[in-house]
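What the coordinates show
Okay, here's what each chain looks like letter by letter:
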Amino acid sequence: LVKVKMMPATKLLTNARLPFQLLAYHHLGVAVSELPAALDFYGKLGFKEVQDEQATEERRIMKNAGGLELQLFRADAKHENNANILMDFKDVKYPGHTHASFLVPSVKDARAYLEKQGLAITGERRPGGVLRAVFCRDPDRTTMEFEKNVGEDEALEEFKAEMVGNQRPIDHVGIRIRNPQANMMWYAEKLGFVQEVMTYSLDEDPLKNERPWITRLEHSHCDINFILNCNTDPSLANPLLEGGKVLPGIVYVGFKVDKAEEARKFLSESGVKVMSEEELGIEKARLFSMPRSFFFQDPDGNLL
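Nothing here was measured: the structure is a model prediction, and the numbers come from that model.

It is worth spelling out the overall build of the protein at this point. A count of helical and extended segments in the protein gives 4 helices and 16 strands. Against the globule reference of 19 Å for 304 residues, the protein gives a C-alpha radius of gyration of 19 Å, in line with a compact fold. A principal-axis box enclosing the C-alpha atoms of the protein has dimensions of 50 × 50 × 40 Å. Taking all 304 residues of the protein together, 52% fall into the buried category. Pairs at least 24 apart in sequence give 70% of the contacts found in the protein among residues at least 6 apart. Summed over all atoms, the accessible surface of the protein reaches about 14500 Å², with 49% contributed by carbon and sulfur. Averaged over its 39 positive side-chain charges, the protein has a centre that lies 3 Å from the centre of its 46 negative ones.

Attention now goes to the pairing of strand β13 (residues 223–227). Burial of β13 is extensive: 5 of the 5 residues sit out of reach of the surface. The two faces of β13 match: Asp223, Asn225 and Ile227 on one face and Ile224 and Phe226 on the other face are all buried. Inspection of the sheet shows strand β10 (residues 172–176) paired to β13 by 5 bridges, in the parallel sense. In the strand pairing of β13, Val173 is matched with Ile224.

Let us now look at the confidence of the model for the protein. With 96% of its residues at a pLDDT of 70 or more, the protein has an overall mean of 90. At the low end of the mean pLDDT range in the protein sits strand β1 (residues 4–6), at 46; at the high end sits helix α1 (residues 35–44), at 97.

Another point: the packing of aromatic side chains. A full pass over the atoms with the stated rule returns 14 aromatic pairs. Judged by centre distance (6.1 Å) and plane angle (10°), the ring pair of Phe73 and Tyr252 falls under stacked. Taken together, the residues Phe73 in strand β5 (residues 69–74) and Tyr252 in strand β14 (residues 249–257) connect sequence positions 179 residues apart. On the accessibility criterion, Tyr252 (1% relative accessible area) is buried. Following the ring pairs from residue to residue traces out a cluster consisting of Tyr25, Trp186, Tyr187, Phe193, Phe226 and Phe255.

Moving on, we come to α1. Every buried residue of α1 is listed here: Leu35, Ala38, Leu39, Phe41 and Tyr42. Angular distribution of buried residues about the axis of α1 spans 165°; they occupy a single face of the element. On its buried face, α1 is in contact with β2 (22–32), β3 (48–49), β4 (59–63), β5, β8 (133–137) and β9 (143–147).

The subject of this paragraph is the environment of Val32. Relative to the assigned elements, Val32 resides in strand β2. Every residue in contact with Val32, bar those within four places of it in the chain, is listed here: Ala38, Leu72, Phe73, Arg74, Ala75, Asp140 and Pro248.

Turning our eyes to something else, we now look at the side chain of Asp138. In this structure, Asp138 sits in the loop between β8 and β9. Of the side chains with opposite charge, Arg137 lies nearest to the buried Asp138, which makes no salt bridge, at 7.5 Å. At a separation of 2.8 Å, a polar atom in the side chain of Asp138 contacts the side chain of Tyr42. Contacts of Asp138, omitting those with residues within four sequence positions, involve Val30, Phe41 and Tyr42.

Below, the discussion takes up the side chain of His97. One can find His97 in strand β6 (residues 96–103). Here the side chain of His97 touches Leu303 through a polar contact of 2.8 Å, landing on its backbone oxygen.

Among the secondary structure elements, Val164 is positioned in the loop between β9 and β10. It is 6.2 Å that separates the C-alpha atoms of Val164 and Phe102, two residues lying 62 residues apart in sequence. What Val164 contacts, discounting residues up to four positions off in sequence, is Leu45, Asn64, Phe102, Leu103, Val104, Phe146 and Phe159.

Of the positions making up helix α4 (residues 260–269), those classed as buried are Ala260, Ala263 and Leu267. Down the axis, α4 shows its buried residues gathered within 60° of arc, on one side only. Structural note: α4 exposes Lys265 and Glu269 on the side pointing more than 90 degrees away from its buried face. Of the residues flanking the end of α4, it is Gly271, one or two places downstream, whose phi is positive at about 85°.

Let us look at the environment of Lys78. Take Lys78: it is sitting in the loop between β5 and β6. Separated by 169 residues in sequence, Lys78 and Leu247 place their C-alpha atoms 6.4 Å apart. The contacts of Lys78, once residues within four sequence positions are left out, are Ser33, Glu34, Asp140, Leu247 and Pro248. A polar side-chain atom of Lys78 sits 3.4 Å from a polar atom in the side chain of Glu34.

Definitions and limits used
- Residues numbered from 1 in each chain as written.
- Predicted model: local features only at pLDDT ≥ 70, side-chain atom pairs only at ≥ 80, totals over all residues.
- Heavy atoms only, no water.
- Helix = DSSP H or I, 4+ residues; strand = E, 2+ residues; numbered from the N terminus.
- Rg over C-alpha atoms; globule rule 2.2 N^0.38 Å.
- Buried < 20%, exposed > 50% of the residue type's maximum accessible area, 1.4 Å probe, protein only.
- Contact = heavy atoms within 4.5 Å.
- Areas by Shrake-Rupley, 256 points an atom, 1.4 Å probe, with all protein chains shown as cover.
- Lys, Arg positive; Asp, Glu negative; His and termini not counted.
- Charge placed at Lys NZ, Arg CZ, Asp CG, Glu CD.
- Pairing = 2+ DSSP bridges.
- pLDDT = per-residue confidence, 0-100.
- Phe/Tyr/Trp six-rings, centres within 6.5 Å; stacked < 30°, edge-to-face > 60°.
- Arc of directions from axis to C-beta.
- Salt bridge = Lys/Arg side-chain N within 4 Å of Asp/Glu carboxyl O.
- Polar contact = N/O pair within 3.5 Å; in protein donor to acceptor, adjacent residues only side chain to side chain.

The following block contains the structure:
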């Protein structure tokens, strides 16, 4: 029996104030084995390709109705046997960005729309018997979620692709971590995810910790779902970037901030590993130049 503790929105993990403010999710960096197939898949989810002078055969940009930017770039190889290294191995769970979740007005209609587009539904959530979310995979088995956790499904004449994530860029990203208590506080103290939305009692066996812990920014409905079933050795590298080869998946998550330089300075002085493009292990020709942005890692090496 799992004991769930629903926390009031006013419950804060820390009262500390940062010299900058995270405002929203801004982009996802997604490695794909074949750009044409990825462009077609994400087009069915309402993303439209952005005409950008940096676009090449190695990289493309798409954006959805909520403003989330999708930075697609070429991976070095497909997953072996097309098995997603983060999601498809029952007994081996690495840290990583496991999935991205988008708000939809009707989960039932979203499901019907996805199936009509030829996209297989690979999972669902039915708390209390009510359909609250469905999942599907991109051509490289990267997981996407479509959810409505509050209220009833809206009555729609027709579900359209642009309804996916049109109310806000993204609802949450799932991030698998090793030390739940320490990591939750790291995201609160370093990035401002100070609202504790949901936690539950942990099992000593990480693989039995199936439900996420959830935290939220104080002034924005921007959530992180901490996936708690990580069971790999801390010495292991990021599985999507291991050995100098990029595998398909959500490689990095980007946030919009009000003061980028203050954020960089604060994180660097707080001991967070701020990284140059050269340190990422990704060929520069595949990355989009973002002069006012920077990369850094959480305690488990998840790239932000």
